[in-house]
Number of protein chains: 2
Amino acid sequence: MQLKSLRLFMAVAKTGSFVAAANQLHTVQSNVTAHIKKLEDELDVQLIQRAGRVRPTSAGLALVEYTERMLTAHDEAVSLFKGQEKACGRLRIGAMETTTAIRLPPILAAYHAAQPDVDIQIKTGPTAELVELLLDGQVDCVFVAGRLEHSRYHLLKAFSEQLVLVGSTPMSTMPSSQKLLTSAFLAFRQGCSYRQRIELLLASHGVNAGRIFEFGSLDAMLGCVAAGMGYTVLPRGTVEAHQYRFGIHTLELPSSIANIDTYFAAFEPETWTPALASFAETLREAVVDEPQLTAS
Amino acid sequence: MQLKSLRLFMAVAKTGSFVAAANQLHTVQSNVTAHIKKLEDELDVQLIQRAGRVRPTSAGLALVEYTERMLTAHDEAVSLFKGQEKACGRLRIGAMETTTAIRLPPILAAYHAAQPDVDIQIKTGPTAELVELLLDGQVDCVFVAGRLEHSRYHLLKAFSEQLVLVGSTPMSTMPSSQKLLTSAFLAFRQGCSYRQRIELLLASHGVNAGRIFEFGSLDAMLGCVAAGMGYTVLPRGTVEAHQYRFGIHTLELPSSIANIDTYFAAFEPETWTPALASFAETLREAVVDEPQLTAS
DNA sequence: CACTACTATCTTGTTTTGAGATAGCCTGAC
DNA sequence: GTCAGGCTATCTCAAAACAAGATAGTAGTG
């Protein structure tokens, strides 16, 4: 059974004429006859009443219903990839908590305005988990901290973040090693790339990573920092956005530790759905139009 | 885009191997490659990731969802006609009010027991309307009074009915012409073949058809007869089934007027769905097993 | 570095397909 | 009843598509 045959069958059922069906689908009448006949042979039932009026038989009418489902699904699948202008379907994005909170909203807004027919799904998690999601096909693209080592990714430097030390009291200089040693550090759960920077920071002050509390959400973490539970390290933009809500203070870090880039990563562009290609385009434009996004 | 290609694509996506997909669908690996490649060329997107692991790309995963819908509809359509043993789908029956009430229930019960997966739909109406429904493809088969003249029907004598005169008072002989002339007759709406018999009956007593009230349902009609509104003509079985509910009385009619056959009619058997073929078979068995159904 | 398992490509013979030409059939008009 | 017009079935042939096998190339493994 071929989709081509089913299209001809539907045309015959709807027009009530083999000739009309042939014209409608740009072929000749003999081919319509052949396709219908082949369908009838395969299903071992007469689908079209030819005596007098040409009309679907009971069996034909029953087939029409299933054929409509089939052809509808087919048309939708084709329009997923060949839809002119507007993309459709679904776009699944993986991003870090901090990126989702601060960087993504304007980009998603621009994208949704450009491609209103695409359903957007966001999954958040630390970098290591996001890479797993991408490899596992559970998301179409991710925003992660630092370049991915894997070779066959398409990478685009999306945002440049500057990490700052966050604490509950004003800081003008780095806390003493003694202070650091006795303080707790708060970080996202295992896999967060910012966490590596915390350890780097401590190491640069001759302190081994002590207690690190793991958090699942940004709000919880900042709330605990504000309560004096300890320090954390976060992008400046993220902290600024929340500073009015929490009594927290920041300290700039040396650039070797502070600067970290957020990359957009996906597989090769040839594997992209139009929805994803359009998103990458929107992102590229946003990055170009507002270079401060990637400036340190 | 061919269903064959889509099946291979699904097999590759599920097994993660071209070779495995080829074995599963009884073909060779080079054909799998060719079909996938053709799909990719048509949609202008890479569907399968070949580097390293063989797995669907983002685009491929998107296609999987639509393909599943397509193939499911296809499988259901095929099983409609090629389902082994049990028929499935839908059976739309047209029948007269009296047939539906008395004759069909045991047949439908037997049929449903044999083919539990078939959805049964009954439409009732007078013979003329039923024929229209059948011609219009709105039902798959009908039960009508009298042979259909049209040549290209498959006919089966299903039931033999004996019409009786029904009135509100006991009758031992035919009411007088005078009585008939001043009485009302109750019948189904235009198109009911029993109605012709009423006119035949009146004519045989030298009376022109006077007032005939039209009813849509059997209950309403019998209720009005019982209330003394007038006479009607109905199959004996129908009246007997309702006699305990209504105070009605019957009188036998001459066989030329009384005997009327109910036929099962559908188009040629080649146009039947398995559900319809199975129903015809059930009906034939019922008629053979209980010849009194068609005996006068 | 070689081995293994896999996919891509090429080739060949066969099947399928599309389009035209023709014959036969039904319908409606005169 | 006959005839014309429109429709479908059948036949034919060339072109295209396809399946299968053989072979080459590639990635991952020890």
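This is a predicted model, so every value here is computed, not measured. (Residues numbered from 1 in each chain as written. Chains lettered and ligands numbered in written order. Predicted model: local features only at pLDDT ≥ 70, side-chain atom pairs only at ≥ 80, totals over all residues. Heavy atoms only, no water.)

1. A word on the relation of the copies chain B and chain A
Alright, step 1. Between chain B and chain A, which share one sequence, the superposing operator has a rotation angle of 180 degrees and an axial displacement of 0.0 Å; the RMSD is 0.1 Å. Taken together, the turn and the small shift mark the pair as related by a two-fold rotation axis. For chain B, the minimum C-alpha distance to the rotation axis belongs to B:Met70 and amounts to 2.3 Å.
Alright, step 2. An overlap of 100% is found between the interface residues of chain B and their copies at the interface of chain A, pointing to a shared contact surface. (Least-squares fit on C-alpha atoms with pLDDT ≥ 70 in both. Contact = heavy atoms within 4.5 Å.)

2. Some points on the protein's contact with DNA strand C
Alright, step 1. Surrounding DNA strand C, one finds 18 residues, the nearest of these being A:Thr27, A:Asn31, A:His35, B:Phe18 and B:Arg50.
Alright, step 2. By atom count, sugar and phosphate contribute 60% of the portion of DNA strand C lying within 4 Å of the protein.
Alright, step 3. The contact in question runs from a phosphate oxygen of DNA strand C to an N or O atom on the side chain of A:Lys4, over 3.1 Å.
Alright, step 4. Residue A:Ser30 places a side-chain N or O atom 3.0 Å away from a base oxygen belonging to DNA strand C.
Alright, step 5. Elements supplying a minimum of two residues to the surface near DNA strand C: α3 (29-43) of chain A together with α2 (18-24) and α3 (29-43) of chain B. (Near = heavy atom within 4 Å. Polar contact = N/O pair within 3.5 Å; in protein donor to acceptor, adjacent residues only side chain to side chain. Helix = DSSP H or I, 4+ residues; strand = E, 2+ residues; numbered from the N terminus.)

3. Some points on the interface of chain B and chain A
Alright, step 1. The interface is formed by 44 residues belonging to chain B together with 44 residues belonging to chain A.
Alright, step 2. Inspection of the region where chain B meets chain A yields 5 salt bridges.
Alright, step 3. Across the pair B:Asp136 and A:Arg55 runs a salt bridge whose closest N-O atoms are separated by 4.0 Å.
Alright, step 4. Listing elements by their share of the side of chain B that touches chain A, those giving two or more residues are α3, α4 (58-82) and β3 (89-95) of chain B.
Alright, step 5. Per-element tally for the side of chain B that touches chain A: the top contributor is α4(B), with 17 residues.
Alright, step 6. Split into classes, the residues belonging to the side of chain B that touches chain A amount to 21 nonpolar, 9 polar and 14 charged. (Salt bridge = Lys/Arg side-chain N within 4 Å of Asp/Glu carboxyl O. Nonpolar A, V, L, I, M, F, W, Y, C, P; charged D, E, K, R; others polar.)

4. Points about the protein's contact with DNA strand D
Alright, step 1. In the region of DNA strand D, 18 residues are neighbours, and A:Phe18, A:Gln29, A:Arg50, B:Thr27 and B:Asn31 sit closest.
Alright, step 2. When atoms of DNA strand D within 4 Å of the protein are sorted by moiety, sugar and phosphate together comprise 58%.
Alright, step 3. Here a phosphate oxygen of DNA strand D sits 3.4 Å away from a polar atom, N or O, in the side chain of B:Lys4.
Alright, step 4. Between DNA strand D and B:Thr27, the relevant distance is 2.8 Å, taken from a phosphate oxygen to a side-chain nitrogen or oxygen of the residue.
Alright, step 5. Mapped by element, the contributors of at least two residues to the surface near DNA strand D are α2 (18-24) and α3 of chain A together with α3 of chain B.
Alright, step 6. When its residues are assigned to classes, the surface near DNA strand D shows 4 nonpolar, 10 polar and 4 charged.

5. As for the nonpolar core
Alright, step 1. Counting 60 residues, the largest nonpolar core has A:Phe9, A:Leu47, B:Phe9 and B:Leu47 as the members making the most contacts within it.
Alright, step 2. Where this core is concerned, the elements lending two or more residues are α1 (3-15), α2, α3 and α4 (58-82) of chain A together with α1 (3-15), α2, α3 and α4 of chain B.
Alright, step 3. Excluding its chain neighbours within four sequence positions, the residues that come into contact with B:Leu47 are A:Phe81, B:Phe9, B:Leu39, B:Glu40, B:Arg55, B:Pro56, B:Thr57, B:Ala59, B:Gly60 and B:Leu63. (Core = buried A, V, L, I, M, F, W, Y, C linked by side-chain atoms within 4.5 Å. Buried < 20%, exposed > 50% of the residue type's maximum accessible area, 1.4 Å probe, protein only.)

6. As for the domain arrangement of chain A
Alright, step 1. Once the domains are mapped, chain A shows domain 1 (3-82) and domain 2 (85-296).
Alright, step 2. Between domain 1 of chain A and domain 2 of chain A, the C-alpha centre-to-centre distance is 54 Å. (Domains from an automatic or database assignment.)

7. A closer look at the side chain of A:His35
Residue and element names in this part refer to chain A.
Alright, step 1. Along the polypeptide, His35 turns up in helix α3.
Alright, step 2. Using a relative accessible area of 19% as the deciding quantity, one classes His35 as buried.
Alright, step 3. In contact with His35, not counting residues within four places along its chain, are Gln2, Lys4, Ser5 and Leu8.

8. Considerations on helix α6 (residues 127-135) of chain B
Residues and elements named next belong to chain B.
Alright, step 1. Among the residues of α6, those classed as buried are Thr127, Leu130, Val131, Leu133 and Leu134. Relative to the axis of α6, the buried residues are bounded by an arc of 160 degrees and lie together on one face.
Alright, step 2. Remark: Gly137 follows α6 within two positions and exhibits a positive phi of approximately 75 degrees. (Arc of directions from axis to C-beta.)

9. Remarks on the environment of A:Glu68
All names here are of chain A.
Alright, step 1. The residue Glu68 is located in helix α4 in this model.
Alright, step 2. Overall, Glu68 belongs to the partly exposed group, its relative accessible area being 37%.
Alright, step 3. C-alpha separation for the pair Glu68 and Leu202, spaced 134 residues apart in sequence, amounts to 65 Å.
Alright, step 4. Residues contacting Glu68, with those up to four places away along its chain left out, are Met10 and Lys14.

10. Some thoughts on the pattern of salt bridges
Alright, step 1. Evaluation of the coordinates by the stated rule reveals 27 salt bridges over all chains.
Alright, step 2. Where A:Lys14 meets A:Glu68, a salt bridge forms, and the shortest distance between an N and an O atom there is 3.2 Å. Remark: A:Glu68 occurs in helix α4 and A:Lys14 occurs in helix α1; sequence separation between them is 54 residues.
Alright, step 3. B:Asp75 serves as the salt-bridge partner of B:Arg7, at 2.7 Å between the closest nitrogen and oxygen. In this pair, B:Arg7 sits in helix α1 while B:Asp75 sits in helix α4, placing the two residues 68 residues apart along the sequence.
Alright, step 4. The exposure class assigned to B:Asp75 is partly exposed, which follows from its relative accessible area of 41%.
Alright, step 5. Ionic contacts of the salt-bridge type, sharing partners, join the residues A:Arg236, A:Glu240 and A:Glu252 into one network.

11. Looking at the environment of A:Ala73
Alright, step 1. You can see A:Ala73 is positioned in helix α4.
Alright, step 2. Among the residues examined, A:Ala73 registers a relative accessible area of 1% and is labelled buried.
Alright, step 3. Taking the C-alpha atoms as reference points, A:Ala73 and A:Arg211, separated by 138 residues in sequence, lie 55 Å from one another.
Alright, step 4. Look past the residues within four positions of A:Ala73 in its chain and what remains in contact with it is B:Tyr66, B:Arg69 and B:Met70.

12. Here we look at the packing of aromatic side chains
Alright, step 1. This model, assessed by the stated rule, comprises 14 aromatic pairs over all chains.
Alright, step 2. Geometrically, the ring pair formed by A:Phe264 and A:Phe279 is tilted, given 6.0 Å between the ring centres and 55 degrees between the ring planes. You can see A:Phe264 sitting in strand β11 (residues 259-266) and its partner A:Phe279 sitting in helix α12 (residues 274-289), a full 15 residues away along the chain.
Alright, step 3. Under the relative-accessibility criterion, A:Phe264 is labelled buried at 0%.
Alright, step 4. Between the aromatic rings of B:Phe143 and B:Phe159, the centroid separation amounts to 5.7 Å while the plane-to-plane angle is 20 degrees, which identifies the pairing as stacked. Separated by 16 residues along the polypeptide, B:Phe143 in strand β5 (residues 141-145) and B:Phe159 in strand β6 (residues 154-167) bring together distant segments of the chain. Like B:Phe143, the residue B:Phe159 is buried in the burial classification.
Alright, step 5. Here the aromatic cluster, defined as three or more aromatic residues joined through ring pairs, consists of A:Tyr111, A:Phe143, A:Phe159, A:Phe264 and A:Phe279. (Phe/Tyr/Trp six-rings, centres within 6.5 Å; stacked < 30°, edge-to-face > 60°.)

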